[in-house]
Amino acid sequence: MKREGSPLKGAITVALKEAADHMTSARMHLIMLLVLLTAAGAVYAAIDQIRQTTAQDAFLFLKLFTVARDPLPSFSSFMGFLLPLVAIALGFDAVNGEFGRRTMSRILAQPIYRDAVLFGKFLGGLLVIAIALVTLWLLMVGLGILLLGLPPSGEDVARGLAYLAATLVYTGVWLALALAFSTVIKAPATSALAALSVWLIFSIFWSMVTPFLAGILAPVDPFNPLTLINQFETQQALARISPATLYGEISQMLLDPASRTVGPVFMSQLQGALVGAPLPTLESILIIWPQISGLFAGMLILFTLAYFVFQRQEVRA
Amino acid sequence: MSDPVIEITDLTKRYGAATVVDGINLTVEQGEVVGMLGPNGAGKTTTILMLLGLTDASRGKVRILGKDPFRRPLEVKRAVGYLPDAVGFYDNLSGRENLRYTAKLAGFSSEEADARIAGALQRVRLDDVGDRRVATYSRGMRQRLGLAELLMRDSRIAILDEPTSGLDPQSTTELLELIRTFAHDGMTVLVSSHLLDVVQSICTRVALFNKGRMGFVGSVAELAKKVADGAFHVDVEAEGVDVADAGKAVKGVNSIVAVNDNHWQISASRDVRADIARAIVAKGGALTALDAHQIGLGEAYNRFFKEAQE
């Protein structure tokens, strides 16, 4: 039987309320301050480095995102590391918090479906992240113009916007993960801890574990050099389970126009190529399309898990 | 007679092997105030959740204003207002903002919502604190804000789960007065409560739940008749007469039990004090004490569950 009315009726109301709550929460202010300070530090260091080394580069603006100077990592590395924290902070108590406040049954007694509540919460979180990212991106561009004294080129802007969109999808994966934990786990503290554990595993430990796993799954035969390639590809495939790896590859391709591949390169493939010549933006996007699709798929799978659990959840509070 | 507002037929809910609601039947007419009573785990809240379509039934049928809450949930939710046990609000928002949020979810335009909210807050006497954050509200004020939400939505049916739980006597009185006015205005009210005096003071009928089953549905007087063989108890002390003999002809007397030589307890379906006094005097006896009390919901409730256990 067809459902009466739209399942998403009320989703925008829920999303706007969630976004307003996040925008005014001390939690969000603190974490965004952390992101802003680290980003500003990374950009300032990058500008200093760019002035000294690559003043003639055609993509100076993109270098703002990727150039690092010890001890600070690059802006894009910071984003890859810190944005999951922002997403987890926004989503870890999205559903169980409503149960804790005893507001869930009252909200679900309104003439809306459960779909609207969950989708609205996800959309609200994503909206806040999008606003924060756009603000950060504009600040970067502003700082670049101010300190480098050059306007960004059209290619810079196009790649920068593509990077912004990919970053939003990457953060969406972590938001969906936090939302899924907040649906499955009743206690907000436990769901936050679970989400942070996954973040730590994929951001720090996964890169240490994958060579070990690849060694077991695809051992190297000293008499067959191709097994070395096989092991490397296995390691890369395992590493790509982590959203951080996928995001790292996307950032590399979008922010460094000279990059031509995210896999191993053979000398035969470089014959005739102009080393350092930039790829058109669309070519770069095509190369990392599987990574973008992977992040989308991860986000959808996690949101579907949250949806499935939430639809079947007993609502007593 | 109009169609029933709430119609429950053979409603059953199972969780695995456990049956928490077992084939209950209930019909509620418009303007009735029906109390749902029973110990913890008797199935009251699960029944409420099924009425709201928040959990599905394993078997049976529910109709709210003729509609199935599982198949037409939005229509049913538009007609039903729900005040859960220890109702929760967003503490960081004001009372008015909380209501504005649910008004938007209910589909009201901003102008209509504001007008409805103002009226509802005034009716529950929260208009002067409507712009204060809910974090500063007492429990009684939160309950009244919950009732304001029902009024704001103009609900035809109100389902109240433990509405006076944890309230001080003054707040309880105010809340009950509000609920009475709801019924007076034609709203149908279903109240689940452990506080029997609360239920007795506002309900036209009671439904007793026990181990997932509905053991009784009817008025308090009918319950008293069922469990106590009559609604009145009369204690008589007299000398020089056998009250058991003198009172047996009095109309309405169901039984007379001698406590000792001068003390009898009479069970009756009406207040028989005057007739008993006349009968004792007519037999030449001297009446020394006469006391009558109607069996209350509390006593009837206790007897009902005692009988159920036996």
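Everything quoted here is computed from the prediction, not taken from an experiment. The residue numbers shown here count from 1 along each chain, following its written sequence. Each chain is given a letter, starting from A, and each ligand a number, starting from 1, according to the order in which they appear as written. This being a predicted model, a pLDDT of at least 70 is required before a residue's local features are given, and a value of 80 or more before pairs of side-chain atoms are given or counted; all residues contribute to the totals for chains, interfaces and linings. As a rule here, side-chain values come from all non-hydrogen atoms in the structure, and water together with hydrogens is ignored.

1. Considering the packing of helix α8 (residues 154-184) of chain A against helix α11 (residues 243-255) of chain A
All names here are of chain A.
No. 1: α11 packs onto α8 with a crossing angle of 175° between their chain directions and a minimal axis gap of 10 Å. The orientation of α8 with respect to α11, classified from their angle, is roughly antiparallel. Residues Arg159, Ala162, Tyr163, Ala166, Thr167, Tyr170, Val173 and Trp174 of α8 form the contact with α11, whose own contacting residues are Pro243, Ala244, Tyr247, Ile250, Ser251, Met253, Leu254 and Leu255.
No. 2: Residues of the contact of α8 with α11, tallied by class, amount to 13 nonpolar, 2 polar and 1 charged. Axis lines are fitted to C-alpha atoms, over the contacting stretch for helices. Their N-to-C directions set the angle, which ranges from 0 to 180 degrees. Elements are defined by DSSP. Helices are runs of H or I of four residues or more, strands are runs of E of two residues or more, and each kind is numbered from the N terminus. In what follows, roughly perpendicular refers to angles from 65 to 115 degrees, roughly parallel to angles under 35, roughly antiparallel to angles over 145, and oblique to any angle outside these ranges. Whether two residues are in contact is decided by their heavy atoms: any pair within 4.5 Å suffices. Residues are grouped as follows: Ala, Val, Leu, Ile, Met, Phe, Trp, Tyr, Cys and Pro are nonpolar; Asp, Glu, Lys and Arg are charged; every other residue, Gly included, is polar.

2. As for the pattern of salt bridges
No. 1: Basic side-chain nitrogens of Lys or Arg form a salt bridge, by our definition, when they fall within 4 Å of a carboxyl oxygen of Asp or Glu. This model, assessed by the stated rule, comprises 27 salt bridges over all chains.
No. 2: Of the charged contacts in the structure, one is a salt bridge between B:Arg100 and B:Asp114, with a shortest N-O distance of 3.1 Å. Placement of the pair is B:Arg100 in helix α3 (residues 95-105) and B:Asp114 in helix α4 (residues 110-123), with a sequence separation of 14 residues.
No. 3: Look at the salt bridges and you will find they share partners, linking A:Glu18, A:Glu98, A:Arg101 and A:Lys121 into a network.

3. Quick word on the packing of α8(A) against helix α14 (residues 289-312) of chain A
All names here are of chain A.
No. 1: Where α8 meets α14, the closest approach of the two axes is 8 Å, and the angle between their N-to-C directions is 20°. Here α14 runs roughly parallel to α8, going by the angle between their axes. When you trace α8 past α14, the crossing you get is left-handed. Taken together, the residues of α14 that come into contact with α8 (itself represented by Ala166, Val169, Tyr170, Gly172, Val173, Ala176, Leu177, Leu179, Ala180, Thr183 and Val184) are Leu295, Phe296, Met299, Leu302, Phe303, Leu305, Ala306, Val309 and Phe310. By definition, turning the near helix anticlockwise from the far helix through less than a right angle yields a left-handed crossing, and turning it clockwise yields a right-handed one.

4. Points about the sheet that holds strand β13 (residues 286-294) of chain B
Residue and element names in this part refer to chain B.
No. 1: The criterion for strand pairing is that DSSP finds at least two bridges linking the strands in question. Taken in spatial order, the 4 strands line up as β11-β12-β10-β13 in an open sheet, and their pairing is antiparallel. Of all strands in the sheet, those with a lone pairing partner are β11 (253-260) and β13, marking the two edges. Averaged over neighbouring strand pairs, the angle between their axes works out to 20° when direction is ignored.
No. 2: Sheet topology note: the strand β10 (residues 232-239)/β13 ladder contains 8 bridges and is antiparallel. Counted as the bridge partner of Phe232 is Gln294 from β13.
No. 3: Across the sheet, helix α10 (residues 273-282) lies against β10, β11, β12 (263-268) and β13, angled at about 160° from β13, the strand it touches most.

5. A closer look at the interface of chain B and chain A
Size of an interface, as often reported, equals the accessible area lost when the parts are brought together.
No. 1: Listed per partner, the contact involves 33 residues of chain B and 26 residues of chain A.
No. 2: Regarding the contact of chain B and chain A, the summed buried area is about 2900 Å², with carbon and sulfur atoms giving 56% of it.
No. 3: Here the quantity called buried area is the total loss of accessible area, with a 1.4 Å probe, experienced by two parts when brought into contact, counted for both. For the chain B face of the interface with chain A, the top three residues by lost area are B:Leu74, B:Tyr90 and B:Leu105, together amounting to 25%.
No. 4: One can count 1 salt bridge joining chain B with chain A.
No. 5: Where B:Glu149 meets A:Arg106, a salt bridge forms, and the shortest distance between an N and an O atom there is 2.3 Å.
No. 6: Pairs of N or O atoms within 3.5 Å make up the polar contacts considered here, provided that, within protein, one atom can donate a hydrogen while the other can accept it, and that residues adjacent in sequence are counted only when both atoms are side-chain atoms. There are 14 residue pairs in polar contact (both at pLDDT 80 or more) connecting chain B and chain A.
No. 7: Looking at the side of chain B that touches chain A, the elements that each hand over two or more residues are α1 (44-51), α2 (73-79), β5 (80-83) and α3 of chain B.
No. 8: In the side of chain B that touches chain A, the residues fall into 16 nonpolar, 8 polar and 9 charged.

6. Structural notes on the packing of aromatic side chains
Ring pairs (aromatic) are described by centroid distance and by the angle formed between their planes.
No. 1: Between 30 and 60 degrees the pair is tilted, below 30 it is stacked and above 60 it is edge-to-face, where a pair is any two Phe, Tyr or Trp rings, Trp via its six-membered ring, whose centres lie within 6.5 Å. The tally for this structure, following the rule as stated, stands at 9 aromatic pairs over all chains.
No. 2: Ring centres 5.2 Å apart and planes at 50° place the aromatic pair A:Phe122 and A:Phe303 in the tilted group. Of the two residues, A:Phe122 is situated in helix α7 (residues 114-148) and A:Phe303 in helix α14; the sequence distance between them amounts to 181 residues. The same class applies to A:Phe122 and to A:Phe303, which are both buried.
No. 3: Lysine NZ or arginine CZ positioned within 6 Å of the ring centre and within 35 degrees of the ring normal marks a charge as sitting over the ring. Stacked on the ring of B:Tyr90, the Lys or Arg A:Lys17 has its end atom at 3.3 Å from the ring centre. Burial classes: relative accessible area under 20% of the type maximum marks a residue as buried, over 50% as exposed, and values in between as partly exposed (1.4 Å probe, protein chains only).

7. Quick look at the sheet that holds strand β7 (residues 188-192) of chain B
Residue and element names in this part refer to chain B.
No. 1: Strand order in the open sheet formed by 6 strands is β5-β6-β7-β3-β8-β9, and the pairing between neighbours is mixed. In this open sheet, the two strands that pair with only one neighbour each are β5 and β9 (213-218). Going from strand to strand, the sheet's axes swing by 15° on average, the running direction of each strand aside.
No. 2: Here helix α5 (residues 139-152) sits on the sheet in contact with β5 and β6 (157-161), set at roughly 170° to β5.

8. A look at the environment of A:Leu127
All names here are of chain A.
No. 1: Tracing the chain through its elements places Leu127 in helix α7.
No. 2: Given the relative accessible area of 35%, Leu127 is considered partly exposed.
No. 3: When the C-alpha atoms of Leu127 and Glu18 are compared, they prove to be 9.3 Å apart, with 109 residues separating the residues in sequence.
No. 4: With near-sequence residues (within four places) excluded, Leu127 lies in contact with Leu16 and Ala19.

9. Considering the confidence of the model for chain B
Low pLDDT marks regions whose predicted coordinates should not be analysed in detail.
Residue and element names in this part refer to chain B.
No. 1: Values of pLDDT, the confidence the predictor places in each residue, fall between 0 and 100. Looking at chain B, pLDDT values average 88 and 98% of them are 70 or higher.
No. 2: When mean pLDDT is taken per element in chain B, α3 scores highest with 96 and helix α8 (residues 220-228) scores lowest with 74.
No. 3: Here the complex is predicted with pTM 0.85, and the ipTM for its interfaces comes to 0.85.

10. A short note on the pairing of β10(B)
Residue and element names in this part refer to chain B.
No. 1: Of all 8 residues in β10, 6 are buried, a share of seventy percent or more.
No. 2: Judged from the 6 bridges that link them, β10 and β12 form a sheet pairing that is antiparallel. What sits directly across from Asp235, in β12, is Gln265.

11. Side note on a nonpolar patch on the surface
All names here are of chain A.
No. 1: Taken together, the side chains of Phe81, Leu200, Ile201, Ile204, Phe205, Met208 and Val209 make up a nonpolar region of the molecular surface, amounting to roughly 570 Å² of accessible area.
No. 2: The element best represented in the nonpolar patch is helix α9 (residues 188-217), accounting for 6 residues.
No. 3: Relative to the elements of secondary structure, Phe205 occurs in helix α9.
No. 4: For Phe205, a relative accessible area of 41% corresponds to the partly exposed category. Surface patches are drawn from residues lacking salt bridges whose relative accessible area is over 30%; two like charges belong together within 9 Å, two nonpolar side chains (Val, Leu, Ile, Met, Phe, Trp, Tyr) within 5 Å. Computed by Shrake-Rupley with a 1.4 Å probe, the accessible areas treat only the displayed protein chains as cover when residues are assessed.

12. Things to note about the environment of B:Lys104
No. 1: Relative to the helices and strands, B:Lys104 resides in helix α3.
No. 2: Along the backbone, B:Lys104 and B:Ser2 are 102 residues apart, and their C-alpha atoms lie at a distance of 32 Å.

13. A short note on unusual backbone geometry
No. 1: Positioned with a positive phi, A:Arg102 is a non-glycine residue whose angle comes to about 65°.
No. 2: Looking at where A:Arg102 falls in the secondary structure, it is placed in the loop between α5 (96-101) and α6 (104-108).
No. 3: Residue A:Arg102 is classed as partly exposed on the basis of its relative accessible area of 30%.
No. 4: A positive phi angle, near 55°, is found at B:Asp154, a position not held by glycine.
No. 5: Within the secondary structure, B:Asp154 sits in the loop between α5 and β6.
No. 6: A relative accessible area of 55% places B:Asp154 in the exposed class.

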